[in-house]
Amino acid sequence: MPEARSLPPVVGAGLRVPTLRGETAYANLDHAASTPALETVKAAVDRALETYSSVHRGAGFASRLTSAWYEQARAEVAEFVGAREGDSVVFTRTTTDSWAVLGKALPSRTTVFVFGSEHHSTLLPWGRFRTVRLPVPRTLDDAYALLDEALSEHPSRHRLVVITAASNVTGEVWPVARFAGLAHTHGARIAVDAAQLSAHRRIDLAAWDADYVAFSGHKTYAPYGAGVLAGRSDWLDAGTPYLFGGGATRSVSEEGTTWATGPARHEGGSPNVIGAIALAAACATIRRHAEAIEDHETRLLDRLRSGLADVPGVEVLSIFGDDSDRVGVVAFTVDGWDSALVSQVLSVEHGIGVRDGKFCAHLLVDELLEDPWGERPDTAVRASIGLGTTVEGVGRLVSAVAGLVEHGTAATWTRTEAGWVVDGPDPRDVEVERPW
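Here we summarise the structure given alongside this text. (Residues numbered from 1 in each chain as written. Predicted model: local features only at pLDDT ≥ 70, side-chain atom pairs only at ≥ 80, totals over all residues. Heavy atoms only, no water.)

## A look at the environment of Thr-94
Item 1. Take Thr-94: it is sitting in the loop between strand S4 (88-92) and helix H3 (95-105).
Item 2. As a C-alpha pair, Thr-94 and Arg-189 span 95 residues in sequence and 22 Å in three-dimensional space.
Item 3. One polar contact links the side chain of Thr-94 to the main-chain amide nitrogen of Thr-96, over a distance of 3.4 Å. (Helix = DSSP H or I, 4+ residues; strand = E, 2+ residues; numbered from the N terminus. Polar contact = N/O pair within 3.5 Å; in protein donor to acceptor, adjacent residues only side chain to side chain.)

## A look at the side chain of Arg-326
Item 1. For Arg-326, the position within the fold is in the loop between strand S13 (314-316) and strand S14 (329-334).
Item 2. Among the polar contacts listed, one links the side chain of Arg-326 to the backbone oxygen of Ser-324, at a separation of 3.3 Å.
Item 3. With residues up to four places along the chain from it excluded, the contact list for Arg-326 reads Thr-170, Gly-171, Glu-172, Val-173, Arg-201, Leu-301, Arg-305, Leu-317, Ser-318 and Gly-321. (Contact = heavy atoms within 4.5 Å.)

## Structural notes on the nonpolar core
Item 1. Counting residues in hydrophobic clusters, the biggest one holds 79 residues, and the most contacted among them are Leu-147, Val-161, Ile-203, Val-213 and Phe-215.
Item 2. If one sorts the elements of this core by residue count, helix H9 (residues 273-288) sits on top with 11 residues.
Item 3. Among all residues touching Val-161, those that are not within four sequence positions of it are Phe-113, Leu-147, Leu-151, Ala-183, Ala-188, Arg-189, Ile-190 and Ala-191. (Core = buried A, V, L, I, M, F, W, Y, C linked by side-chain atoms within 4.5 Å. Buried < 20%, exposed > 50% of the residue type's maximum accessible area, 1.4 Å probe, protein only.)

## Observations concerning the packing of helix H11 (residues 339-350) against helix H13 (residues 391-407)
Item 1. For the pair H11 and H13, the least separation of the axes is 11 Å and the interaxial angle reads 115 degrees. Classed by the angle they form, the pair H11 and H13 counts as roughly perpendicular. Note that H11 runs across H13; the crossing there is right-handed. Judged by residue contacts, Val-342, Val-345, Leu-346 and His-350 of H11 engage Arg-396, Leu-397, Ala-400, Val-401 and Leu-404 from H13. (Axes fitted to C-alpha atoms, helices over the stretch in contact; angles between N-to-C directions. Parallel < 35°, antiparallel > 145°, perpendicular 65-115°, else oblique. Left-handed = near helix turned anticlockwise from the far one by under 90°.)

## Comments concerning the sheet that holds strand S7 (residues 159-164)
Item 1. Read from one edge of the open sheet, 7 strands run S4-S10-S9-S8-S7-S5-S6, paired in mixed fashion. Two strands bound the open sheet, and with one partner strand each, they are S4 and strand S6 (131-134). Here the average twist between neighbouring strands, direction ignored, is 20 degrees.
Item 2. Bridge analysis of strand S5 (residues 111-115) against S6 gives 4 bridges, and the strand direction is parallel. Bridging across to S6, Phe-115 finds its partner in Leu-134.
Item 3. Sheet strands touched by helix H6 (residues 176-185): S7 and strand S8 (189-193). Its angle to S8, the strand with the most contacts, is close to 155 degrees. (Pairing = 2+ DSSP bridges.)

## What about the pairing of S7?
Item 1. Counting buried residues along S7, 6 of its 6 residues qualify, which places the element largely inside the surrounding structure.
Item 2. Of the two faces of S7, the one lined by Arg-159, Val-161 and Ile-163 and the one lined by Leu-160, Val-162 and Thr-164 are each fully buried.
Item 3. In this sheet, S7 lies alongside S5 in parallel orientation, the contact comprising 4 bridges. Counterpart to Val-114 in the pairing with S7 is Val-162.

## Concerning the sheet that holds S13
Item 1. Spatially, S13-S14-S17-S16 is the arrangement adopted by the 4 strands of the open sheet, whose pairing is antiparallel. The sheet is open, and its two edges are formed by S13 and strand S16 (355-357), each paired on a single side. Between one strand and the next, the sheet's axes are offset by a mean angle of 30 degrees, whatever the strand orientation.

## Focus on the packing of helix H10 (residues 290-309) against H13
Item 1. Where H10 contacts H13, the two axes come as close as 10 Å, and the packing angle between them is 10 degrees. In terms of orientation, H10 and H13 fall into the roughly parallel class. Contacts between H10 and H13 involve Leu-300, Arg-303, Leu-304, Gly-307 and Leu-308 on the former and, on the latter, Val-391, Val-394, Gly-395, Leu-397, Val-398 and Val-401.
Item 2. When the residues that make up the contact of H10 with H13 are grouped by side-chain class, the tally is 8 nonpolar, 2 polar and 1 charged. (Nonpolar A, V, L, I, M, F, W, Y, C, P; charged D, E, K, R; others polar.)

Below is the structure:
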C-alpha cells in the first residue's frame, strides 16, 4: 500500500459553532473521547448501504456481496493490528465490549493483573476476586518491577496481564513489547488496550508479541458502533459464547447446542456489518496516511504543550515525566479554576471543545492530583489532538487559557447543581433541525 503524504479529510471539518462573541470555527480538541468520521469512511458506508443485506446465510446477490465485504473488513482489520496466522478478529461494539468478550472467555480461575492507571473499561471487567490491582507506577521501571513482583507472588495456571498502550489521561505511551516479554517470562499472557493508540500509532500484535489487543471504531475515525478484539484463538474458541443466538451456533437440537468456533462464536445475532466496513475503511486510510498523521500530530502536540507550559499556574499531568513518549492527549489544571468551569468557558466564549473530569480513570487522576492540603483542583481539563484539530485551534486554546489566567472570564458564571451556567442566554441553546 503506497504511503500518502497528505492528511485524510474528516467529516465536519467546516463546522461552525455559536459563542458569546458570535459564530466561529469549531476547535475540536476532544478526540480522545470520540473522533469524527473520515471522508473515506463515510464514502465506504454510503456505498455499502446501497447493497446492504443479511450476512452469511442469504443466497441473494446483495447478501453475498455484504457477506464478502464483512469478511474482507475482518481481513483489513487483521492487517491493521498485525495479526498472526491463527489469530481471531472479533467484531464487538467498543473496547469495553471487547474486554467483556475476553473476560467471559477466560479459563476458570484465571488471575488478571492490571495497574491502577488504567481506564475503567480495562480496570474493572475481570471480577474483583480474580484481579490483582497494582498501584499507579512512578516510572516505567517502577511499573516493570511492580509487575515482575506481582507475577512472582501470584502463581496460577492461567494469568493475564492487561495494560494500556497509551494513557487516555496523559497520552503517555507504554513500551508494550517490554511488558509482553515480562509477562511471557512468567508464563502469563498479555492483553493491550489500544483505544488511545489506534488513531495515532501502529498497532502490531506480532512485533509486540502480545496475545490480545482491543480498540474502538469511535476513537479511530469510524463512529459507527464497532470495536475489535483480536488475538489468540484458543481461549476464545474454548470460552463461553458472548451472545447466545443465531450465528454463534453450529447446530441446535433437543439433545443440546454445538457452538461455532472462530469469530462467529462471539458475534451472535445479526452483526454490525456497516460498523465493520466503516472500521476497515478507517484502518486502510490510517495505514495509507500514517506518516502524515504522525507528523501532523507531533507538530500540534509540541505547540500545545509548549504553549501551556508558558501559562502561569497551568500544570500538565504526567505519570512518567515530561520526556515521556506520548500521543496527542494533554490533561492539565489551572490554579484557582475549577476544571468544569474552564471547559465551559472554552466552549461558550471561544468555540473550543475539550473535556473535564477524571476521564473514566479515577484512580490515576486522584493519584496525579493528590494534595493533602486541598489546594489543588481534584479534576482536570483534557485537550486531545486528531485529524479534526488545526494549528489555529491549538493556538486559540492556548490563548484562551492564558487570557483566563490573566483577565478571568468574559461572562459571568454561576455554579448550580447541574454545573456551571452562564448568566443570560447560552448561545449553544439554539434550535437545530433534527437529522431525521
